[in-house]
Amino acid sequence: MKNRFHLLATAVVSLLCVSCAETQVSQSGSEKAVNPPIMGWSSWNAFRVDISEDIIKNQADLMVKKGLKDAGYHYINIDDGFFGERDGNGKMQTNKNRFPNGMKPVADHIHSLGMKAGIYTDAGNNTCGSIWDNDHAGVGAGIYGHEQQDAQLYFGDWGFDFIKIDYCGGDVLGLNEQERYTSIRNSIDKVNKDVSVNICRWAFPGTWAEDIATSWRISADITPKWASIKRIINKNLYLSAYARNGHYNDMDILEIGRGLKPEEEEVHFGMWCIMSSPLLIGCDLTTIPDKSLELLKNKELIAINQDSLGLQAYVVQHEKNGYVLVKDIEQKRGKARAMALYNPSDSICSFSVPTACLELGGTIKVRDLIKHKTIDTNKEYLEYELPPHSAKFFRLEAEKRLESSLYEAEWAYLPCYDDLGTRSKSVRYAPCEKASGKMIVSFIGGSSENYAEWDNVYRKKRGAYEMKIFYLPEKNRKLEVNINGKSYFFKNLETDGSKGIMTITLSVQLNRGENTIRIGSPYCWTPDIDCFTLKKKR
Ligand code: GLA
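Summarised in this report is the structure supplied together with it. (Residues numbered from 1 in each chain as written. Predicted model: local features only at pLDDT ≥ 70, side-chain atom pairs only at ≥ 80, totals over all residues. Heavy atoms only, no water.)

Digging into the overall build of the protein
Right, on to step 1. Helix and strand content of the protein: twelve helices and 29 strands.
Right, on to step 2. Taking 2.2 N^0.38 as the reference for a compact globule, 538 residues should give roughly 24 Å; the C-alpha atoms of the protein span a radius of gyration of 24 Å, in line with that estimate.
Right, on to step 3. Along the first, second and third principal axes, the C-alpha atoms of the protein reach 75 × 55 × 45 Å.
Right, on to step 4. Classification of the 538 residues of the protein by burial places 58% in the buried group. (Helix = DSSP H or I, 4+ residues; strand = E, 2+ residues; numbered from the N terminus. Rg over C-alpha atoms; globule rule 2.2 N^0.38 Å. Buried < 20%, exposed > 50% of the residue type's maximum accessible area, 1.4 Å probe, protein only.)

This is the structure in structure tokens:
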């Protein structure tokens with residue numbers, strides 16, 4: 001049963017992909033450039049709490065000498081380990097052995113090089129270093145209870161530009177993430193509204209984070225091991241909807257130059273680039289291997305990370321063990337796109353990617369961003385074989401931009417989504433073998449806020465369309481589809497789960513340009529959603 005419906009769904013999806021209609025793209029170029037992910041160096045991976053004034057200044061100097069500043073890496077971030085103890089007035093002191101002159105001269109040195117300076121705290125009482133690295137001075141060094149005092153010291157007196165706010169102490173105290181981080185942001189704003197904040201809660205914290213931070217960690221700590229790189233990429237595959245307006249999913253400090261194999265370093269750096277993660281170098285620059293340095297300075301990969309649209313690539317195809325990710329670059333719905341082919345498996349994986357699924361047509365210039373070579377093709381499929389643990393990254397520039405007929409559920413923005421794991425029945429992206437792209441969205445509905453939204457459903461032509469929703473039947477479900485503010489309700493859905501993926505079809509009016517489509521139900525759970533398709537009515 002399962003297989004029959006899988007085949008049916010796959011056939012429908014393939015058919016729709018290759019029948020995408022060609023569109024003329026408006027060349028207005030009026031998009032506003034957003035702040036790109038930050039690039040720089042961080043002390044944690046190579047030095048943990050064993051940092052000092054000399055180490056930080058020397059690494060900052062090396063960033064300039066080795067051409068990394070010129071390549072765009074502008075932040076020098078001091079992580080855990082600079083703390084002394086608070087004095088009688090609660091004022092934070094610096095560690096006298098590691099930073100005998102305090103932190104201001106360090107920030108000043110970084111600024112004198114034309115770079116920005118970053119610092120670290122914890123949302124609770126105690127730092128992670130006090131728990132895991134035996135750094136006793138980290139006890140009571142967190143910002144909890146000292147928010148305004150620490151904000152004044154770090155950003156007013158010392159002049160730091162960035163702060164990473166960890167959560168070990170917050171976790172111990174069982175604090176509420178949204179409440180704490182909002183309160184800290186408000187305290188920082190009273191001193192300097194331009195401070196860039198990173199939320200380090202080791203999981204996607206919720207959509208509220210966009211109002212607080214320029215980036216948020218999505219995973220537990222990285223290590224210089226292939227399994228760790230693969231695990232973090234896996235965590236980020238379906239979070240593309242949350243990287244927007246200059247706010248990004250943080251895949252953690254880079255482990256380039258710390259012992260990964262060359263092809264694994266390419267996967268690591270390339271995926272961090274195309275997924276628009278902050279790029280913070282994490283190795284000791286006194287010993288960085290030449291090959292790793294060269295990779296970190298790859299201009300073409302950096303360009304897709306720092307692209308003015310600030311988008312994260314999404315999974316457009318997942319077949320066998322491979323993933324194909326794509327995103328617009330330079331201009332929304334233009335003819336240039338960045339693409340990654342990613343093989344995380346331990347065996348060879350062959351890729352056959354219909355160019356129509358990439359929404360590109362005619363002759364396509366395919367530029368390999370690691371080999372720096374371009375080929376022209378007008379084949380209907382891009383075909384590659386990738387060895388285990390490898391990836392390829394491309395800039396594609398086509399003659400024609402096509403219109404997509406298929407929208408996956410896993411591309412949707414879910415306003416109620418978080419990855420904190422604190423609630424058993426909360427909205428999520430879930431693997432499902434029989435679904436197109438092998439993913440669905442489940443636990444939508446039950447309140448007017450809990451919907452899935454696609455805000456970029458682009459149509460060249462205004463008019464009537466047939467919208468087909470692919471869903472998984474379940475008892476007692478309702479469905480509301482909202483298109484540009486107009487609602488359509490469905491009650492009589494299939495309820496027999498053994499039937500596999502089913503469809504409902506509705507006739508909808510769509511505008512020329514971008515449309516916003518929401519699926520949910522304010523009254524009860526909706527069925528789990530696989531995808532929807534759109535077809536122009538005659
Ligand atoms: C946590 C963070 C790390 C690092 C350490 C410092 O583990 O996730 O990135 O900042 O704390 O103790």
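Examining the layout of surface pockets
Right, on to step 1. Approximately 800 Å³ is the volume attributed to the largest pocket.
Right, on to step 2. Looking at the largest pocket, it is lined by 31 residues, and the ones nearest its centre are Leu311, Lys332, Asp455, Asn456 and Glu514.
Right, on to step 3. Looking at the lining of the largest pocket, the elements that each hand over two or more residues are strand S13 (322-328) and strand S23 (452-459).
Right, on to step 4. In terms of residue count, the dominant contributor to the lining of the largest pocket is S23 (five residues).
Right, on to step 5. The residue inventory of the lining of the largest pocket, partitioned by class, reads 13 nonpolar, five polar and 13 charged. (1 Å grid on protein atoms, 1.4 Å probe; cavity = no way out; pocket = protein on both sides within 12 Å on 5 of 7 lines; lining within 4 Å. Points joined across faces, edges and corners; volume = space filled by probe spheres on them. Nonpolar A, V, L, I, M, F, W, Y, C, P; charged D, E, K, R; others polar.)

Some thoughts on the sheet that holds strand S6 (residues 116-122)
Right, on to step 1. Taking strand neighbours across the sheet as the criterion, the eight strands line up as S10-S9-S8-S7-S6-S3-S2-S11 in an open arrangement whose pairing is parallel. Each edge of the open sheet carries a strand with a single partner, namely strand S10 (248-250) and strand S11 (279-281). Put simply, the sheet's adjacent strands are angled 25° from each other on average, direction ignored.
Right, on to step 2. Across four bridges, strand S7 (residues 162-166) lies against strand S8 (residues 196-199) in parallel orientation. (Pairing = 2+ DSSP bridges. Axes fitted to C-alpha atoms, helices over the stretch in contact; angles between N-to-C directions.)

Topic: the packing of aromatic side chains
The relation between two aromatic rings is expressed through the spacing of the ring centres and the mutual angle of the planes.
Right, on to step 1. Throughout the structure, instances matching the rule amount to 26 aromatic pairs.
Right, on to step 2. Seen from their ring centres, Tyr407 and Phe532 are 5.2 Å apart, and the 15° between their planes marks the pair as stacked. With a gap of 125 residues between them, Tyr407 in strand S20 (residues 406-408) and Phe532 in strand S29 (residues 528-536) connect regions that are remote in the sequence. In this pair, the class of Tyr407 matches that of Phe532, namely buried.
Right, on to step 3. Consider the rings of Phe443 and Trp525, whose centres lie 5.2 Å apart with planes at 75°: the pair is edge-to-face. Of this pair, Phe443 sits in the loop between strand S22 (439-442) and S23 while Trp525 is found in the loop between strand S28 (513-520) and S29, placing the two residues 82 residues apart along the sequence.
Right, on to step 4. By relative accessible area, which is 23% here, Phe443 ends up partly exposed.
Right, on to step 5. One aromatic cluster in this structure is built from Phe82, Phe83, Tyr120, Tyr154, Phe155, Trp158 and Phe160.
Right, on to step 6. One residue, Arg244, lies across the ring of Tyr413, its end atom 4.1 Å from the ring centre.
Right, on to step 7. A cation sits over an aromatic face here: Lys536 above Tyr465, 5.2 Å from the ring centre. (Phe/Tyr/Trp six-rings, centres within 6.5 Å; stacked < 30°, edge-to-face > 60°. Lys NZ or Arg CZ within 6 Å of the ring centre and 35° of its normal.)

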